[in-house]
Amino acid sequence: MKIFDMFSETEYTFLRISRGGVYGNTIEEEFSNRKGVFREKDGMRQGTNGEEYLENSKLFVKPEDIPTDAVGNGVRINGKTYDITSMSQGKNFDTGEIEHLKLILERANYGES
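Residues numbered from 1 in each chain as written. Predicted model: local features only at pLDDT ≥ 70, side-chain atom pairs only at ≥ 80, totals over all residues. Heavy atoms only, no water.

(A) Seen up close, the nonpolar core. Counting residues in hydrophobic clusters, the biggest one holds 14 residues, and the most contacted among them are Leu-59, Ile-66, Val-75, Ile-77, Ile-84 and Leu-105. For this core, the elements supplying multiple residues, two or more each, are β1 (10–18), β5 (57–61), β6 (74–77), β7 (80–91) and β8 (98–107). Leaving out residues up to four positions away in the same chain, Ile-66 has contacts with Tyr-12, Phe-14, Val-61, Ile-84, Leu-101 and Leu-103. (Core = buried A, V, L, I, M, F, W, Y, C linked by side-chain atoms within 4.5 Å. Buried < 20%, exposed > 50% of the residue type's maximum accessible area, 1.4 Å probe, protein only. Helix = DSSP H or I, 4+ residues; strand = E, 2+ residues; numbered from the N terminus. Contact = heavy atoms within 4.5 Å.)

Pasting the structure below:
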């Protein structure tokens, strides 16, 4: 049984991010109408320079819905933007099929280009 059969799915938008430049990190492209299983860690914590968002929200996506170079880009879920900090495969060991990709997310703010 796949994770998408067991949990409700949330719509998300994949964001292709341009790093650096005059405006900082900006959104180059948006790919919407995607669905995945989202698990959010919500809240704040005390950081070195004040409060920071809690890290490590997770988004489980279908392999065909996201590019293989997704790490370093972003997603928008429920009006909030996140950096994709890592990606791992969820494989069915009986069939060898990659059933999902697990994305680890960190809250982010992107400038306007």
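(B) Representation of the environment of Thr-85 in the model. Within the element layout of this structure, Thr-85 appears in strand β7. Exposure remark for Thr-85: the relative accessible area of 37% places this residue in the partly exposed category. Put simply, Thr-85 and Val-71 are 14 residues apart on the chain and 5.6 Å apart in space, counted from C-alpha to C-alpha. Discounting residues that sit within four places of it in the chain, Thr-85 has contacts with Val-71, Ile-104, Leu-105 and Glu-106.

(C) The environment of Met-1, seen in detail. Its place among the elements puts Met-1 in the segment before α1 (3–6). For the pair Met-1 and Asn-92, spaced 91 residues apart in sequence, the C-alpha to C-alpha distance is 9.4 Å. Setting aside chain neighbours within four positions, we find Met-1 in contact with Met-6 and Glu-99.

(D) Looking closely at the packing of aromatic side chains. For the structure on display, the rule yields 2 aromatic pairs. A ring pair is formed by Phe-14 and Phe-31, whose centres lie 6.1 Å apart and whose planes are at 35 degrees; its orientation type is tilted. Taken as a pair, Phe-14 in strand β1 and Phe-31 in strand β2 (residues 26–39) lie far apart in primary sequence, 17 residues in all. The exposure class assigned to Phe-14 is buried, which follows from its relative accessible area of 1%. (Phe/Tyr/Trp six-rings, centres within 6.5 Å; stacked < 30°, edge-to-face > 60°.)

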